[in-house]
Amino acid sequence: MRAGRRRSGLIGWALLAIVFALVAAACAGSPDPGGQAPQSVFDPAGPVARKQDALWELVFPIAVGVFVLVQGGLIFMVVKYRAKGDETVPPKQLHGNTRLEVLWTMIPALILATIAVPTVRTIFEIAGPPDDPLEVRVIAKQYWFEFQYLGPEGQDVVTATELHVPTGQEVYLRMESLSAVVPDTEPEVGPKLGPVADGVIHSFWVPRLAGKVDIIPGHVRELKFQADEPGRYPGQCAEFCGLSHANMRFDVVAHAPEDYQGWLDAQSEPSAYPPSEEAAARGAEIWEAQSCQACHTLTGHPANVDTRIAPNLTHLASRATFAGGIFETNEENLKAWIRNPPAVKPGAQMPPFDADLSDEELDDLVTYLLTLE
Ligand code: CUA
């Protein structure tokens, strides 16, 4: 009887150790850029993320110390004072030890006060007004992010799924959640804010650049960050928002400042029209015949009506990925997407076109889309 209980106790401890080892293994990851953990918060790539990481480095060891002391004390007490044999007499009851009560109130209060000072300071530092920032408007939709920049001549430059920024400059995001923007409701001048406010809560998170910020319908949320080095920093929606929440990704693409200017100038241009290649020219006609312009903006195309329901495709082929960052921009993926978007991305709002397009028409349309660099 005794031996059996001891054995099952040992098995319990062994199982606990295995579970703990597995949980700890989930923390593994190489912190090198582009390595196994491109979304590691422990590898900050800019001043805002670094401040947040520094705060964590201070708070975490304190939390571990408290955890070990409290849990250690608990286990010690449980083992040392467990019921032995067939005791029926209850243990001696102790109440009202003033010295102990003062101690266990003071110690946590002091620890919290110690943590509060750097925490509040960091919050104020990263929430402070940005210094000569690049301002970008971010619109979270189902299930992708739109980014709006001011072009060199004051025109709108709109991308989806890729947020391009210069290095060494603060970026200031004004973020909103809207499922659609209706052009008729847009004011003639000033920021275009005439949306259908029926979005859901999304959350913008680029782990190596800044902490996550929830984007709540009806509010403008703000976030500031800065990237030190050129590169691609993967981000994702971090708040459950529906079927394709897990497919709502994006990249922050940081350029050296002069490269950023070149990128912005190129994106400010309308697409080339008509396309020189014959198949692409046929594709441009199919675009119009299928009323793609009813949802997608494509400046340069004569049928463009500047709708901003679906992603702006003016420079689609310049983006590495599409559909919320989950597909590489190539012929095969674009075809699968146009045939049946909800089949490859659950909850996608674009309707299937497999019944409307022959294989040749789909070829031509995709050929056209891939000329949009
Ligand atoms: Cu958007 Cu989750």
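Residue positions are given per chain, counted from 1 along the sequence in the order it is written. Thresholds applied to this predicted model are a pLDDT of at least 70 for local features of residues and 80 or more for the giving and counting of side-chain atom pairs; totals over whole chains, interfaces and linings are not thresholded and use all residues. Side-chain metrics in this entry use all non-hydrogen atoms of the structure; hydrogen atoms and water are not considered.

## Overview of the overall build of the chain
Helix and strand definitions here come from DSSP, where helices need a minimum of 4 consecutive H or I residues and strands a minimum of 2 consecutive E residues; each element is numbered from the N-terminal end. Counting secondary structure elements, the chain contains eight helices and 14 strands. Its C-alpha atoms give the chain a radius of gyration of 28 Å, clearly above 21 Å, the size a compact globule of 373 residues would have. With respect to the principal axes defined by its C-alpha atoms, the chain has extents near 95 × 50 × 40 Å. Note on exposure labels: buried denotes an accessible area under 20% of the residue type's maximum, exposed denotes more than 50%, and partly exposed covers the range between, all computed with a 1.4 Å probe on protein chains only. For the chain, buried positions account for 38% of its 373 residues. Residue pairs at least 24 apart in sequence account for 62% of intrachain contacts in the chain once pairs closer than 6 positions are excluded. In the form shown here, the chain has an accessible surface area of approximately 21400 Å², with 61% of it arising from carbon and sulfur atoms. Note that the radius of gyration is over C-alpha atoms, with the globule rule given as 2.2 Å times the number of residues to the power 0.38. Contacts between residues were defined by any pair of non-hydrogen atoms, one from each residue, lying within 4.5 Å. Only the protein chains shown count as cover for residues, and the accessible areas themselves come from Shrake-Rupley with a 1.4 Å probe.

## Considering the pairing of strand β8 (residues 202-206)
With four of its five residues buried, β8 lies for the most part within the structure. As paired elements, β8 and strand β9 (residues 210-215) share four bridges and run antiparallel to each other. What sits directly across from histidine 202, in β9, is isoleucine 215. Pairing between two strands is assigned when DSSP locates at least 2 bridges connecting them. Relative to strand β11 (residues 231-237), β8 is paired through two bridges, and the arrangement is antiparallel. Within β11, the position partnered with tryptophan 205 by the bridge is glutamine 236.

## Re the nonpolar core
Nonpolar side chains in soluble globular proteins tend to end up buried together. Definition of nonpolar core: a set of buried residues of the types Ala, Val, Leu, Ile, Met, Phe, Trp, Tyr and Cys, connected through side-chain atoms within 4.5 Å. The biggest cluster of nonpolar side chains holds 35 residues, and the ones touching the most others in it are Phe145, Leu163, Leu173 and Phe204. Looking at which element gives the most residues to this core, the answer is strand β1 (residues 134-141), with four residues. Not counting residues up to four positions away in its chain, the partners in contact with leucine 163 are Val136, Phe147, Tyr149, Leu173, Phe204, Phe225, Asp251, Val252 and Val253. Formed by 23 residues, the second largest nonpolar core is a distinct cluster that contains Ala348, Leu357, Leu362 and Leu372.

## Some thoughts on the sheet that holds strand β12 (residues 249-255)
Here five strands make up an open sheet; going across it, the order is β4-β12-β11-β8-β9 and the pairing mixed. Of all strands in the sheet, those with a lone pairing partner are β4 (162-166) and β9, marking the two edges. Between one strand axis and the next, the sheet turns through 20° on average, direction left out of account. The pairing of β11 with β12 spans six bridges and is antiparallel. Residue pairing in the sheet places glycine 231 in a bridge with alanine 254 of β12. Contacts from helix α4 (residues 257-268) reach β4 and β12, with the element oriented near 135° to β4. Angles here are taken between N-to-C directions and fall from 0 to 180 degrees, while the axes themselves are lines fitted to C-alpha atoms, restricted in helices to the stretch in contact.

## Focus on the sheet that holds strand β5 (residues 171-177)
One open sheet holds the five strands; their spatial order is β3-β2-β1-β5-β10, and the pairing between them is mixed. Whereas interior strands pair on both sides, the edge strands pair on one side only; in this sheet they are β3 (156-160) and β10 (221-225). Looking at each pair of strands side by side, their axes are set apart by 25° on average, direction ignored. Here five bridges tie β1 to strand β2 (residues 144-150), and the two strands are oriented antiparallel to one another.

## Some points on the packing of helix α2 (residues 47-80) against helix α3 (residues 98-127)
Two numbers describe how α2 lies on α3: the axes approach to 10 Å, and their chain directions differ by 170°. If you check the angle between α2 and α3, you find them roughly antiparallel. Note on packing geometry: the crossing formed by α2 with α3 is left-handed. Facing α2, whose interface residues are Val48, Lys51, Gln52, Leu55, Leu58, Val59, Ile62 and Val66, α3 presents Ile111, Ile115, Pro118, Thr119, Thr122, Glu125 and Ile126. Three classes are used, and their members are as follows: Ala, Val, Leu, Ile, Met, Phe, Trp, Tyr, Cys and Pro are nonpolar, Asp, Glu, Lys and Arg are charged, and the others, Gly among them, are polar. When its residues are assigned to classes, the contact of α2 with α3 shows 10 nonpolar, three polar and two charged. Each angle receives one of four descriptions, namely roughly parallel if under 35 degrees, roughly antiparallel if over 145, roughly perpendicular if within 65 to 115, and oblique otherwise. Handedness of a crossing follows from how the near helix is turned relative to the far one, being left-handed for an anticlockwise turn of less than a right angle and right-handed for a clockwise one.

## Quick word on the layout of surface pockets
Detection works on a 1 Å grid of protein atoms alone, calling trapped sets that fit a 1.4 Å probe cavities and calling open sets with protein on both sides within 12 Å along at least five of seven lines pockets, with lining residues defined by an atom within 4 Å of a point. Grid points are joined across faces, edges and corners, and a volume is the space filled by probe spheres set on the points. There is about 640 Å³ of room inside the largest pocket. Lining the largest pocket we find 35 residues, and of these His296, Ala310, Pro311, Trp337 and Met350 sit closest to its centre. Of all the secondary structure elements, the ones that give two or more residues to the lining of the largest pocket are β13 (321-322), α6 (331-339) and α8 (359-369). For the lining of the largest pocket, the leading source of residues is α6, giving three residues. Looking at the lining of the largest pocket residue by residue, the class counts come to 23 nonpolar, nine polar and three charged.

## Focus: α3
Each turn of an α-helix holds 3.6 residues, which means side chains three or four residues apart point in the same direction. Taking 1.5 Å of rise per residue, the 30 residues of α3 would be expected to cover 44 Å, and the 42 Å separating its terminal C-alpha atoms lies within 8% of that figure. What the bend at a residue measures is the angle between two axes, fitted to the seven residues ending there and to the seven starting there. The largest bend in α3 comes to about 30°, at alanine 116, with the proline proline 118 one to four residues further on. Residues Ile115, Pro118 and Thr122 constitute the buried set of α3. On the buried face of α3, the contacting elements are α2. Definition of a polar contact: a pair of N or O atoms within 3.5 Å, with one able to donate and the other able to accept a hydrogen when the atoms are protein atoms, and with sequence-neighbouring residues admitted only if both atoms are side-chain atoms. One side-chain oxygen of the residue at the start of α3 lies 3.2 Å from the amide nitrogen of arginine 99, identifying that residue as asparagine 97. For a helix, the expected span equals 1.5 Å multiplied by the residue count minus one.

## Concerning the environment of aspartate 43
Locating aspartate 43 in the fold gives a position in the loop between α1 (2-25) and α2. Aspartate 43 sits in the buried class, given a relative accessible area of 13%. For the pair aspartate 43 and arginine 208, spaced 165 residues apart in the sequence, the C-alpha separation amounts to 6.1 Å.

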